[in-house]
Amino acid sequence: MLPPVVILCGGRGTRLQQRDADLPKPLAEIGDRPILRHVIEFYRDQGADAFVLCTGFRHELVAAFAAGTDWGTGVTVECVDTGLDTPTGGRLHRVRDRVGDGTFMATYADGLADIDLRGLLAHHHAHGRAATMTVVRPELPFGVAVLEGDRVTGFQEKPRSGHWINGGFFCFEPSVFDVLADDAVLEREPLERLAAADGLRALRHAGFWRCLDTAKDAARLNELWAAGEAPWAAPAAARSVD
């Protein structure tokens, strides 16, 4: 069983070029369902049964969707209005009383991957620090030239970045709230303070990862879903952890 899962759901999705500009980003559809449902079911299918949604923009639409969806026996999905423009760390800070006194997991409502969540949790418990952040090497949106000196020897189409970035799948201990405040941006000072205090570890994920950020991302994720090739919906045995 996975611990409680907090999902950051406050986004507007302005870069998605949606037909309905008032539709919150978590309700942007991949296939026949909002991406938020994909994220919740991804965690649920690996053993999570308690979810806290940190809503913001059009809270009432996200809450209505959560309340009107059958998530399965024993699964609870609670929506908390954490404010229209509250930053990510502030949203987490505002649900402190909803996650209990033990380990909890957190993610964004716009990221999909084929991560083994039980493996992520085991890695987190093994190192004993306050936080674990999954890191990924994203696919670059353009091809690159392969050089030997100033000679172009070839081209590589959309390779992965050589740098690791925040992949958005976290494990936290309650002590993480010591570095959070209402005005905190999780990805800045809180994580920087944890890193400086040796309280943050990474899990490198080399498998599938994609964030729904632009219309091009939406098109690619919809293509994978339509073709029956969505890695995030793969059987548990096919999931990867590094």
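A quick note: this is a predicted structure, and the numbers were derived from the prediction, not measured.

Criteria and cut-off values
- Residues numbered from 1 in each chain as written.
- Predicted model: local features only at pLDDT ≥ 70, side-chain atom pairs only at ≥ 80, totals over all residues.
- Heavy atoms only, no water.
- Pairing = 2+ DSSP bridges.
- Helix = DSSP H or I, 4+ residues; strand = E, 2+ residues; numbered from the N terminus.
- Axes fitted to C-alpha atoms, helices over the stretch in contact; angles between N-to-C directions.
- Buried < 20%, exposed > 50% of the residue type's maximum accessible area, 1.4 Å probe, protein only.
- Arc of directions from axis to C-beta.
- Contact = heavy atoms within 4.5 Å.
- Right-handed = clockwise from strand over helix to strand, strands pointing away.
- Salt bridge = Lys/Arg side-chain N within 4 Å of Asp/Glu carboxyl O.

Caption draft 1: Local environment of the sheet that holds strand S8 (residues 131–136). Overall, mixed pairing links the 7 strands, which are arranged S5-S4-S1-S6-S11-S8-S12 in an open sheet. In this open sheet, the two edge strands, each paired with only one partner strand, are strand S5 (76–81) and strand S12 (200–205). Within the sheet, the average angular offset between the axes of one strand and its neighbour, ignoring direction, is 25 degrees. Note that strand S4 (residues 50–55) and S5 share 6 bridges and pair parallel.

Caption draft 2: Helix H2 (residues 59–67), seen in detail. Within H2, burial applies to Val62, Phe65 and Ala66. For H2, the arc enclosing every buried residue in end-on projection is 100 degrees, short of the 170-degree limit, so these residues lie on one face. On its buried side, H2 packs onto strand S3 (33–34), helix H1 (35–44), S4 and S5.

Caption draft 3: Broad picture of the pairing of S4. Of all 6 residues that make up S4, 5 are buried, and the element is covered over most of its length. A crossover links S4 with its parallel partner S5, the connecting element being H2, and its sense is right-handed.

Caption draft 4: Just the pattern of salt bridges, in detail. The tally for this structure, following the rule as stated, stands at 15 salt bridges. Here Asp45 and Arg44 are joined by a salt bridge, their closest N and O atoms 3.0 Å apart. Of the charged contacts in the structure, one is a salt bridge between Arg220 and Glu223, with a shortest N-O distance of 3.4 Å. One end of the pair, Arg220, and the other, Glu223, are both in helix H6 (residues 215–226), 3 residues apart, so they sit about a helical turn from each other. Among the charged side chains, a salt-bridge network with shared partners connects Asp32, Arg33, Arg37 and Glu41.

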